[in-house]
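Summary of the model geometry
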Amino acid sequence: MVNYAFTVENFEYFLLILVRMSCFIFVAPVLGQKGIPNQTKIGLAFLVSVLMYGVVSRPELEYESVVGYAVVVLKEGITGLMIGFAASICNSIVLFAGNMIDMDIGLSMATEFNMDMGTEMTLTGNLYYYFVMLLLICSNFHNYLMKAIADSFSVIPIAGQKFAWDHLLTAMTRYMGDIFVIGFRIFLPFFACIMILNCMLGVMAKVAPQVNMFSIGMQVKILVGFMVLLLVVFLLPSVADYIFKEIKTMVRLIAESMY
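Notes on the structure in this doc start here. Note that the structure is predicted; figures quoted are calculated from it, not measured. (Residues numbered from 1 in each chain as written. Predicted model: local features only at pLDDT ≥ 70, side-chain atom pairs only at ≥ 80, totals over all residues. Heavy atoms only, no water.)

1. Thoughts on the overall build of the protein
Scanning the protein from N- to C-terminus turns up 9 helices and 2 strands. Taken against the 2.2 N^0.38 rule, which gives 18 Å for 259 residues, the C-alpha radius of gyration of the protein at 24 Å runs more than 25% over that of a compact globule. Evaluated residue by residue, the protein yields a buried proportion of 42% over its 259 residues. Taking all contacts inside the protein whose residues are at least 6 apart in sequence as the whole, residues at least 24 apart take part in 82%. Approximately 14,100 Å² of the protein is accessible, and the part contributed by carbon and sulfur atoms is 71%. (Helix = DSSP H or I, 4+ residues; strand = E, 2+ residues; numbered from the N terminus. Rg over C-alpha atoms; globule rule 2.2 N^0.38 Å. Buried < 20%, exposed > 50% of the residue type's maximum accessible area, 1.4 Å probe, protein only. Contact = heavy atoms within 4.5 Å. Areas by Shrake-Rupley, 256 points an atom, 1.4 Å probe, with all protein chains shown as cover.)

Take a look at the structure:
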């Protein structure tokens, strides 16, 4: 039976739920995008916290003063931030692949501002980033995020965090390996085509040395890059599937480092 009785005595539990939920929503992908107004994020965090208040277990809190309770609030905030960060950093895989693609085809100097990341990104990186985000939204990725933070209260009870920094370091090390593996898989078709093109330009430079292959190669590389980008667009669902799997893996590993 769900109990929504609310008193001043158990307000501290609601505040801890709200802190973890708010920190998660503000850094999680899709839910925490910069284009979403802060009022909407606050309202969503408050609404979900009210719904979670009646079903979350409430272990006895052990603290002696306001400072002790502040430490508990800080731990809840760190928990929400780490889970949301684990889901958010996986989107940098497509940005890494896009940077490698633009560096190879000659568009690395053409950048635009990515509002979510708060930094300048290359054109192909931004294109892949927003395409993958749209595919994740179409696959109800936001529902998985809300389910993940809701289940975290069962796995990591309120004020029950036990940070295993060695396990966290192992998770981040694995992520650093995965970002290169998945990123180079996305980049591989462009790498193969541009490598063949460079070999052809090298042969033509030897056959016809009077022709300026440098000026010709710049336009040809961009043209070939756009053609490959058009031909491999059907692979984007597979890329989004890779990212989704990586997000689930990272969220699980980060959660395991806190209990």
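2. Some thoughts on the packing of helix H1 (residues 11-27) against helix H2 (residues 38-53)
Closest axis-to-axis distance for the H1/H2 pair is 9 Å, and the angle between their directions is 135 degrees. Here H1 lies oblique to H2, going by the angle between them. Both H1 and H2 take part in a crossing whose hand is right-handed. On the side of H1, the interface is formed by Phe14, Ile17, Leu18, Met21, Ser22, Ile25 and Phe26, while H2 contributes Asn38, Lys41, Ile42, Leu44, Ala45, Phe46, Val48, Ser49, Val50, Met52 and Tyr53. Counted by class, the contact of H1 with H2 contains 14 nonpolar, 3 polar and 1 charged residues. (Axes fitted to C-alpha atoms, helices over the stretch in contact; angles between N-to-C directions. Parallel < 35°, antiparallel > 145°, perpendicular 65-115°, else oblique. Left-handed = near helix turned anticlockwise from the far one by under 90°. Nonpolar A, V, L, I, M, F, W, Y, C, P; charged D, E, K, R; others polar.)

3. Focus: the packing of aromatic side chains
Overall, the coordinates contain 10 aromatic pairs when judged by the stated rule. For the pair Phe14 and Tyr53, a centre-to-centre distance of 6.1 Å together with 75 degrees between the ring planes defines the contact as edge-to-face. Of this pair, Phe14 sits in helix H1 while Tyr53 is found in helix H2, placing the two residues 39 residues apart along the sequence. Residue classification places Phe14 among the buried positions, given a relative accessible area of 8%. Given the relative accessible area of 3%, Tyr53 is considered buried. Between the aromatic rings of Phe141 and Phe244, the centroid separation amounts to 5.4 Å while the plane-to-plane angle is 85 degrees, which identifies the pairing as edge-to-face. Taken together, the residues Phe141 in helix H6 (residues 141-155) and Phe244 in helix H9 (residues 236-256) connect sequence positions 103 residues apart. For the pair Phe141 and Phe244, a shared accessibility class is recorded, and that class is buried. Across from the ring centre of Phe153, 4.3 Å away, lies the NZ or CZ of Arg20, which sits over that ring. Of note, Lys248 hangs over the ring of Phe244, and the distance from its end group to the ring centre comes to 5.0 Å. (Phe/Tyr/Trp six-rings, centres within 6.5 Å; stacked < 30°, edge-to-face > 60°. Lys NZ or Arg CZ within 6 Å of the ring centre and 35° of its normal.)

4. Focus: a nonpolar patch on the surface
Taken together, the side chains of Leu127, Phe131, Leu134, Val233, Phe234 and Leu235 define a hydrophobic patch exposed on the protein surface, amounting to about 530 Å² of accessible area. Position of Leu235 relative to the elements: it lies in the loop between helix H8 (213-231) and H9. (Patch = residues over 30% accessible without salt bridge, like charges linked within 9 Å, V, L, I, M, F, W, Y side chains within 5 Å. Salt bridge = Lys/Arg side-chain N within 4 Å of Asp/Glu carboxyl O.)

5. Structural notes on the side chain of Arg20
Relative to the helices and strands, Arg20 is located in helix H1. Look at Arg20 and you get buried, because its relative accessible area is 0%. Polar contacts involving the side chain of Arg20 include one to the main-chain carbonyl oxygen of Ile156, which spans 3.1 Å. With residues up to four places along the chain from it excluded, the contact list for Arg20 reads Glu76, Thr79, Gly80, Ile149, Ser152, Phe153, Ile156, Pro157, Ile158 and Gln161. (Polar contact = N/O pair within 3.5 Å; in protein donor to acceptor, adjacent residues only side chain to side chain.)

These figures come from the coordinates and say nothing about function on their own.
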